[in-house]
Amino acid sequence: MFKPIPAGYIAKEEHFDPNGFQDYTDYCKYRYDSAKAFRRDARYHEITQDEIENVVGYFEDFERWMRTENRLDEYDFDLSYISAGDFLLLDTKEGSPEFFGDYAKYVNYTVYLFDTDTLTLYYIHNNI
């Protein structure tokens, strides 16, 4: 699958799950010198104040998985980074059919959050 990470980042830090095959947990950061690429990319939208709690939930769940996998040394995200005006792309299977019903909210998701204060794109993926 094509990862919607806009070109033009000036630095990156990637932490892919070393044991990942079908189920994996990845955390990456991409630093940019401006927010221009995200303002032009129709896949991303600006986060509203009403969306913050939902986005925080994904990062809280993700941190629990990083802790469970003893990978907190790779994870440095701070929930205070999430604010209205940041850019978001959320890809989740929540509600999609699964073998035993529908996918729950935190079973399979990918979040791309561009923090406009630090000019950093945070990418998290979890499908445990």
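Quick look at the structure, then. These numbers were taken from a predicted model, which means no experiment stands behind them. (Residues numbered from 1 in each chain as written. Predicted model: local features only at pLDDT ≥ 70, side-chain atom pairs only at ≥ 80, totals over all residues. Heavy atoms only, no water.)

1. A word on the packing of aromatic side chains
When we look at a pair of aromatic rings, we describe it by the centre distance and by the angle of the planes. Applying the stated rule across the entire model yields 19 aromatic pairs. Ring centres of Tyr9 and Tyr32 lie 6.2 Å apart, and the angle between their planes is 80°; on these two criteria the pair is classed as edge-to-face. Residue Tyr9 is located in the segment before strand 1 (11-15), and its partner Tyr32 is located in the loop between strand 2 (25-31) and helix 1 (36-40); the two are separated by 23 residues in the primary sequence. Its relative accessible area of 33% is what places Tyr9 among the partly exposed residues. Residue classification places Tyr32 among the buried positions, given a relative accessible area of 4%. Pairing Phe38 with Phe114 gives two aromatic rings, centres 3.9 Å apart and planes at 15°, and the pair type is stacked. Of this pair, Phe38 sits in helix 1 while Phe114 sits in strand 7 (residues 109-115), and the two are 76 residues apart along the sequence. As far as the burial class goes, Phe38 and Phe114 line up, both buried. Through a chain of ring-to-ring contacts, the aromatic side chains of Tyr9, Tyr30, Tyr32, Phe38, Tyr44, Tyr112, Phe114 and Tyr123 assemble into a single cluster. (Phe/Tyr/Trp six-rings, centres within 6.5 Å; stacked < 30°, edge-to-face > 60°. Helix = DSSP H or I, 4+ residues; strand = E, 2+ residues; numbered from the N terminus. Buried < 20%, exposed > 50% of the residue type's maximum accessible area, 1.4 Å probe, protein only.)

2. Some thoughts on unusual backbone geometry
The phi angle at Asn70 is positive, at roughly 55°, despite the residue not being glycine. In this structure, Asn70 sits in the loop between helix 2 (52-68) and strand 4 (87-92). By relative accessible area, which is 69% here, Asn70 ends up exposed. Although it is not a glycine, Leu119 sits at a positive phi angle of roughly 55°.

Remember that the coordinates give geometry; whether it matters functionally is a separate question.
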